[in-house]
Amino acid sequence: MTIKLSAEIFDPWQELVDFQAQAVDMAGKYGATGVFVGTMRDFNQGDEVRGMYLEHYPGMTEKQLQRVVEQAQGQWQLLDVLLIHRIGQILPNDTLVLVAVWSAHRGDAFDASRFIMENLKSQAPFWKRETLESGQIRWVEKNSDGYSK
């Protein structure tokens, strides 16, 4: 399991290539990689958004993310997990999160990656401060449920 918080922009596809190149112990063992890449939108709650500052609780955030991944590892047969989440200043179209799960079978990979994503959205201590197109700054009180209305 690898969990990273990054204040820097990252390329999720390059992260996957690099991770798999270093994970020689998984070679030949995985038949599925479940990947979720979350990108910052330029709208939220009916407003245009210019940017976002994502705050976290150092130490606590990483521990909570680790708990979520460990829960997934307890429910599904996983070979490895890579989780990278941005912090700090984020602009629309920036990659916000990468969840990648390797398993022998697609069901475990799909289900575990969804579980990790949904649970980190509801359990990890992140706080979003948005700057709207109007210049107004607001704190996001709750995350969306992940579906269009």
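Scroll up to find the structure this text is about.
All values reported here derive from a predicted model rather than from experimental measurement.

With that settled, the discussion passes to the pattern of salt bridges. The full count for this structure, using the stated rule, is six salt bridges. When the shortest N-O distance is used, the salt bridge between Lys4 and Glu15 registers 3.2 Å. With Lys4 in strand β1 (residues 2–6) and Glu15 in helix α1 (residues 12–22), the pair connects residues that are eleven residues apart, well separated along the chain. Here Lys4 falls in the partly exposed class, since its relative accessible area comes to 36%. For the salt bridge of Glu118 with Arg114, the shortest nitrogen-to-oxygen distance reads 3.0 Å.

In this model helix α3 (residues 106–123) runs 25 Å from its N-terminal to its C-terminal C-alpha over 18 residues, within 8% of the 26 Å that 1.5 Å per residue would give. Listing the buried residues of α3 in full gives Asp108, Ala109, Ala112, Ser113, Phe115, Ile116, Met117, Asn119 and Leu120. For α3, the elements touching its buried residues are β2 (32–39), α2 (60–75), β5 (80–86) and β7 (95–103).

Looking now at the packing of aromatic side chains. With the rule as written, the count across this model stands at two aromatic pairs. On the numbers, 4.8 Å between centres and 20 degrees between planes, the contact of Phe19 with Trp102 is stacked. In this pair, Phe19 is assigned in helix α1 and Trp102 in strand β7, connecting sequence segments 83 residues apart. In this structure, Phe19 and Trp102 share a single accessibility class: buried. Just above the ring of Phe43 sits the side chain of Arg41; from NZ or CZ to the centre is 5.1 Å.

It is worth spelling out the packing of α2 against α3 at this point. Running from amino to carboxyl end, α2 crosses α3 at an angle of 150 degrees, the nearest separation of the two axes being 9 Å. Comparing their axes, α3 and α2 come out roughly antiparallel. As α2 packs across α3, the resulting crossing turns out to be right-handed. Two secondary-structure elements touch here, α2 through Gln64, Leu65, Val68, Val69, Gln71, Ala72 and Gln75 and α3 through Ala112, Phe115, Ile116, Asn119, Leu120 and Gln123. Classifying every residue of the contact of α2 with α3 gives eight nonpolar, five polar and no charged.

Cut-offs and rules
Residues numbered from 1 in each chain as written. Predicted model: local features only at pLDDT ≥ 70, side-chain atom pairs only at ≥ 80, totals over all residues. Heavy atoms only, no water. Salt bridge = Lys/Arg side-chain N within 4 Å of Asp/Glu carboxyl O. Helix = DSSP H or I, 4+ residues; strand = E, 2+ residues; numbered from the N terminus. Buried < 20%, exposed > 50% of the residue type's maximum accessible area, 1.4 Å probe, protein only. Expected span 1.5 Å × (residues − 1). Contact = heavy atoms within 4.5 Å. Phe/Tyr/Trp six-rings, centres within 6.5 Å; stacked < 30°, edge-to-face > 60°. Lys NZ or Arg CZ within 6 Å of the ring centre and 35° of its normal. Axes fitted to C-alpha atoms, helices over the stretch in contact; angles between N-to-C directions. Parallel < 35°, antiparallel > 145°, perpendicular 65-115°, else oblique. Left-handed = near helix turned anticlockwise from the far one by under 90°. Nonpolar A, V, L, I, M, F, W, Y, C, P; charged D, E, K, R; others polar.

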